[in-house]
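Summary of the model geometry
As a plain string of letters, each chain reads:
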Amino acid sequence: MKKALSFILCAVMLALCVVPGFAAENAKAPQGQKECNYPVILVRGMDFTGLTADMGTENERGAVKSVTAGSIFKTVFKVLSTSLFTLSLDRGVEQIVDFVQDIMGSLACDENGNSKYNVTTVTYDGAVALHPELYDVEEATCEYGMAKTLADVYGAENIYFYVYDWRLDPYENADDLNAVIDLALSEHPGKEKVDIVCCSMGGMQTSVYMGKYGYSCINKVMFMSAAFLGAYVTTDLFQGKVQITADNLANYCAYASRDNEKLGKLVSFASKIGIFKLAQSLAKKFTDRYSEMAYSEFLLDTFGTMPGFWALVLPEAYDDCMEYMFPDDAARAKYAGVIEKAQRLHELALEREDMLKNAAEDGVSITVTANYNIPLIPVYERAGVNGDGILETEPMSGFAKVAPYGEKLDGVTAGKYVSPDLAVDASGCLFPDYTWIIKGAPHVSGSVNTDYADFLVWLVGFDGQPTVDSSVLYPQLMLSGTDEALSPLTR
C-alpha cells in the first residue's frame, strides 16, 4: 500500500523484538548436573537489539535507536502541531515517517537482499562456556533464559548459542549454522549428531538449514514458539492486507490492561460507548486516504528487501505477495536479486512439510510447542486468529485447527487432541503426537527457574522421540500462568 501501511508494518516488526536479559563477567562456567547426550545448538529468534552498526569502530552503536517516552511525546507533538498549522494530515504523516526512518533506517537492505549499511549482529563463537554473559546471571528470559538453564543442567561446554542476522537470506545463513554444528561435533569426539532448540524465527532458519544440508547430523529438533512453517503477519502485510477492527483492537487493549484494574475498566467503558468502532472507522479512512502514496520508504525498500521476511511467507500466498510487492517489470528488474533469493526460499517452502515428515520417519526426533490465548497485534487481516502475542498458533503448531481468539471451534467435541476449552484441535497438525499446546504462555517462554524451563530440560534430555503421552507432568494440553508455571489444562 502506502506510507500509512509502511508505518504500521514498522510498528509490527518492532513489536516482534524480544528483549533479552544480560549479565556479568569472569565467572566459572557451569559443569552440568545431568549427562548431555548430544551437544545442543540453541537457535535464537529475531532480535532487533542485537544488530549493531559500525561494529568495532568508534562509531559503534545499536542499529535500531532506542525509543523513549520523551521521543514519542515529542513526535506526537510535532505531528499534531504540524498538521494543525499546515491544515494538512499529509505533513503529519511525513513527521511519523521521518521518526520511524530515524529509528530503523540503518536496517535497510539493498536490491540484492544484502545489508545496505555496515550493520551486523553480535555472535557467540564457541560454546556457552566461553561467554559468561550468557550463564552468569540470576534471572534471564526467552532464549537467554533457555541458554542459562541448559548450561546449568547440562554444562555450558555442551551448549552453543547461535545468533544470525535475521534480515539476510536464511539459505546463506545456513552455512553459518552448519559451521556451528561442525564445531560442536569437533569439540565432542564420539558424537555424530547434535540437538537443536529453535525459537521464533529460529525455527524458519532451522527448517531452511535442513532443506539445504539435510538432517544426517541432527538427533532432535525442538521447535519452541517457532515460525518453522511461516507466519500470517508477514504474509498478510506483504499483500497489503492491513485491517484494524474494533473487536481485535478491544481484545488487544483488554489483554494489555489485564493487570491494571483502573485501566481495564477504562478499556471496558471505551468498548461500551463505541470508541473502538470509531477507531476502526478512522483507521479505514486513514489507510484509504493514503492508498495511492508510495510505499517504498519502508515496506519495499526496507522490509521487502529482507530475504529473512520472505522466508516467512506462506507458499500458497507467495505469488500474490510477489505481485503486490513487485507489481511491474521495472520493479522486478530493479529487485531481481531479492526476488531470486525469495524464489529459492519459496521452492524450499514447497517441500518443507514433506522434508520434516521424512526426517521424522528417518529417526530425527521432532517436537513442536505452540502457545495460544494471547491476542495478536491488531493491524493485519488475520490478527483475529489465536496466538501468543507475536505469532499465530495455527502455523506455529503445524496447522492445528484453532478457533479465533476468545471463541470455540464450531462442530468440535471433546477428544484426545482437543483442548478442554474447545479452542484447539491438534489432531490434524503436522505432528499431532509430538505437539504440545500451552494456553496463556507468552511468545518464547523459558525464563530461568520456571516450569517452562523444566519442560525444556525434559525435552532435551528425553532419550528417543517423546510423545504427548510420555509424561504425566507434560500432557499435550497445558495451562501457563504469568510466572510460566505449567499445569494440565482442564475445563
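Residues numbered from 1 in each chain as written. Predicted model: local features only at pLDDT ≥ 70, side-chain atom pairs only at ≥ 80, totals over all residues. Heavy atoms only, no water.

1. Regarding the environment of D483
- Tracing the chain through its elements places D483 in the loop between β12 (477-480) and β13 (486-488).
- Spatially, the C-alpha atoms of D483 and A441 are 9.1 Å apart, while their sequence positions differ by 42 residues. (Helix = DSSP H or I, 4+ residues; strand = E, 2+ residues; numbered from the N terminus.)

2. Details of the confidence of the model for the protein
- Per-residue confidence for the protein gives a mean pLDDT of 88, with 85% of residues at or over 70.
- Contacts for the low-pLDDT stretch residues 1-8, under 50 throughout, to residues beyond four places or in other chains number 35 contacts.
- A low-confidence stretch, residues 16-25 (pLDDT under 50), is modelled with 31 contacts involving residues beyond four sequence positions or located in other chains. (pLDDT = per-residue confidence, 0-100. Contact = heavy atoms within 4.5 Å.)

3. Overview of the pairing of strand β1 (residues 40-43)
- Burial along β1 is two-sided: the residues V40 and L42 and I41 and V43 are all buried.
- Here β1 runs beside strand β6 (residues 194-199); their pairing, made up of four bridges, is parallel. What sits directly across from V40, in β6, is D195.
- Here four bridges tie β1 to strand β5 (residues 159-162), and the two strands are oriented parallel to one another. What sits directly across from I41, in β5, is Y160. (Buried < 20%, exposed > 50% of the residue type's maximum accessible area, 1.4 Å probe, protein only. Pairing = 2+ DSSP bridges.)

4. Focus: unusual backbone geometry
- In the Ramachandran plot, N373 falls in the positive-phi region, its phi being about 85 degrees despite a non-glycine side chain.
- Its place among the elements puts N373 in the loop between β8 (365-372) and α17 (393-396).
- For N373, a relative accessible area of 26% corresponds to the partly exposed category.
- In this structure, N449 takes a positive phi of about 65 degrees despite not being glycine.
- With respect to the helices, strands and loops of the structure, N449 is situated in the loop between β11 (435-439) and α18 (451-461).
- On the accessibility criterion, N449 (72% relative accessible area) is exposed.

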